[in-house]
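Chains, contacts and geometry: an overview
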2 protein chains.
Amino acid sequence: MTPAEPDQDATTDPGRLVDALVQTSFAVQQVLADAAAEHDLSLAQLRLLGILRDRTAAMSELARHLGLDRSSITGLVSRAERRGLVRRTPSPDDGRGVLVELTAEARSLGVALERDVGRGVVALAAGLGATERDRLTALLELVVERTY
Amino acid sequence: MTPAEPDQDATTDPGRLVDALVQTSFAVQQVLADAAAEHDLSLAQLRLLGILRDRTAAMSELARHLGLDRSSITGLVSRAERRGLVRRTPSPDDGRGVLVELTAEARSLGVALERDVGRGVVALAAGLGATERDRLTALLELVVERTY
DNA sequence: TATTGTTATACTCTATAACTATA
DNA sequence: TATAGTTATAGAGTATAACAATA
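My aim in this report is to walk through the structure given alongside it, one point at a time. Just so we're clear, the structure is a prediction, and the values are computed from it rather than from any experiment.

Not every one of the 24 residues close to DNA strand C is listed here, only the nearest: Ser42, Ser71 and Arg79 of chain A together with Ser60 and Arg96 of chain B. A breakdown of the atoms of DNA strand C within 4 Å of the protein gives sugar and phosphate a share of 60%. Contact between DNA strand C and serine 71 of chain A: a base oxygen at 2.6 Å from a side-chain N or O atom of the residue. Serine 72 of chain A places a side-chain nitrogen or oxygen 2.7 Å from a phosphate oxygen of DNA strand C. For the surface near DNA strand C, the element with the most residues is helix H4 (residues 70–82) of chain A, which contributes five residues. Taken together, the residues of the surface near DNA strand C break down into six nonpolar, 10 polar and eight charged.

So, in structure tokens, the structure goes:
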């Protein structure tokens, strides 16, 4: 065992932060999965709708944003299309490309989802006062800052 | 639109906290999935090992802790068993019950996993100073407090 | 009767490999 | 040759329904 260094990092057991972040992440994912399930959606479909909310995307872009193989996107989008949530369009710029966009139905579903997720996550933070919530927001934004 | 109430809750847009928590949860889950994948494990298997680290559990207890159907646990445990990670034992108290426990191999795998997850999560928080990390830990522990 | 665990079945999600069409 | 997307295939994960054994 190496002796503790007089570092700024030695204040508190880092394991507590790790545990707290991991536990929180599972709690939040549960909120997301529950909200999705209320509308008969999977978490994967929820993520797909989330990405397409602000942009039209090519299949390969979806693969990149979701961190999945292109062949996985084919199925994900096909199932969403079958349920009337997205639409495929040939890319005007690239004869090989396919653009995916949300349908109106998916947009209204998205509003309900956002509401449900918001409620669930806010409920998680119910034990915090307004000042604490603001501090937590600021700290998490620092954490996520370099996540793209 | 209802007028803003002079409530303690009206300080900051709650949507920012929701977004920050959701984004953070995905980042942490990615760390977990990556760590698991490095050892050829799925996130579900990782969670199973996590639960069994501190206790032996009956199949029905695993179902409750993981929030899954009992029939799903059968497959999860069977695949873990086939890979030498867990062992099934008849319950001494209940002729119907089956107890599940980790093998020595799973325990050493768990040590490596914990190390990798710790590194990844700490890296996520690399933008924070020691004081900020401590504050974040305290706030997240308040959030997770009522999560069991 | 109720509970524990399993089986059969079906679907979603995901990856790898091979293919077609376009660039 | 390289890239975009699909297909075929395989496996993990999950749920529902039906079942056997035990409580």
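The discussion continues.
Attention shifts here to the relation of the copies chain A and chain B. Overlay of chain A on chain B (RMSD 0.1 Å): rotation 180°, translation along the axis 0.0 Å. What the superposition gives is, in effect, a two-fold axis relating one chain to the other. Of every C-alpha in chain A, the one belonging to serine 25 of chain A sits nearest the axis of rotation, 2.0 Å from it.

Before going further, it helps to examine the protein's contact with DNA strand D. Near DNA strand D you find 22 residues, and of these Ser60 and Arg96 of chain A together with Ser42, Ser72 and Arg79 of chain B are the closest. Between DNA strand D and serine 60 of chain A there is a distance of 2.6 Å, counted from a phosphate oxygen to a backbone nitrogen or oxygen. At a separation of 2.5 Å, a phosphate oxygen of DNA strand D approaches a polar side-chain atom of arginine 79 of chain B. Elements that contribute at least two residues to the surface near DNA strand D include exactly helix H3 (59–66) and H4 of chain A together with helix H2 (43–52) and helix H4 (70–82) of chain B. Taken together, the residues that form the surface near DNA strand D break down as six nonpolar, nine polar and seven charged.

A few words on the sheet that holds strand S2 (residues 86–90) of chain A. Residues and elements named next belong to chain A. Pairing in this open sheet of three strands is antiparallel, and the strands run S1-S3-S2 from one edge to the other. Strands with a single pairing partner mark the edges of an open sheet, and in this sheet they are strand S1 (57–58) and S2. Here five bridges tie S2 to strand S3 (residues 98–102), and the two strands are oriented antiparallel to one another. Bridge pairing links proline 90 to valine 98 in S3.

Further remarks concern the interface of chain A and chain B. Across the boundary between the two partners, chain A contributes 40 residues, which contact 40 residues of chain B. Of the roughly 4200 Å² buried between chain A and chain B on both sides combined, carbon and sulfur atoms contribute 72%. On the chain A side of the contact with chain B, Leu17, Phe26 and Leu139 of chain A bury the most area, a combined 13% of that side's loss. As a salt-bridge pair, glutamate 141 of chain A and arginine 16 of chain B come within 2.9 Å of each other at their nearest N and O atoms. Contributions of two or more residues to the side of chain A that touches chain B are made by helix H1 (14–38), helix H5 (104–124) and helix H6 (130–144) of chain A. Ranked by residue count, the leading element in the side of chain A that touches chain B is H1 of chain A, at 14 residues. For the side of chain A that touches chain B, the per-class residue count stands at 22 nonpolar, 10 polar and eight charged.

For H5 of chain A, which comprises 21 residues, the first-to-last C-alpha distance of 30 Å matches the rise-based estimate of 30 Å (1.5 Å per residue) to within 8%. For H5 of chain A, every residue scored as buried is listed here: Ala106, Leu109, Ala112, Leu113, Asp116, Val117, Gly118, Val121 and Leu124 of chain A. Buried-residue contacts for H5 of chain A involve H1, helix H2 (43–52) and S3 of chain A together with helix H1 (14–38) and helix H6 (130–144) of chain B.

Turning our eyes to something else, we now look at empty space enclosed by the protein. The final tally for this structure, using the stated rule, is one cavity of 30 Å³ or more. Within this model, the largest cavity holds a volume of roughly 30 Å³. Breaking the lining of the largest cavity down by element, the ones donating at least two residues are H1 of chain A together with H1 of chain B. In terms of residue class, the lining of the largest cavity is made up of four nonpolar, four polar and no charged.

Conventions and cut-offs
- Residues numbered from 1 in each chain as written.
- Chains lettered and ligands numbered in written order.
- Predicted model: local features only at pLDDT ≥ 70, side-chain atom pairs only at ≥ 80, totals over all residues.
- Heavy atoms only, no water.
- Near = heavy atom within 4 Å.
- Polar contact = N/O pair within 3.5 Å; in protein donor to acceptor, adjacent residues only side chain to side chain.
- Helix = DSSP H or I, 4+ residues; strand = E, 2+ residues; numbered from the N terminus.
- Nonpolar A, V, L, I, M, F, W, Y, C, P; charged D, E, K, R; others polar.
- Least-squares fit on C-alpha atoms with pLDDT ≥ 70 in both.
- Pairing = 2+ DSSP bridges.
- Contact = heavy atoms within 4.5 Å.
- Buried area = accessible area lost by both parts, 1.4 Å probe.
- Salt bridge = Lys/Arg side-chain N within 4 Å of Asp/Glu carboxyl O.
- Expected span 1.5 Å × (residues − 1).
- Buried < 20%, exposed > 50% of the residue type's maximum accessible area, 1.4 Å probe, protein only.
- 1 Å grid on protein atoms, 1.4 Å probe; cavity = no way out; pocket = protein on both sides within 12 Å on 5 of 7 lines; lining within 4 Å.
- Points joined across faces, edges and corners; volume = space filled by probe spheres on them.

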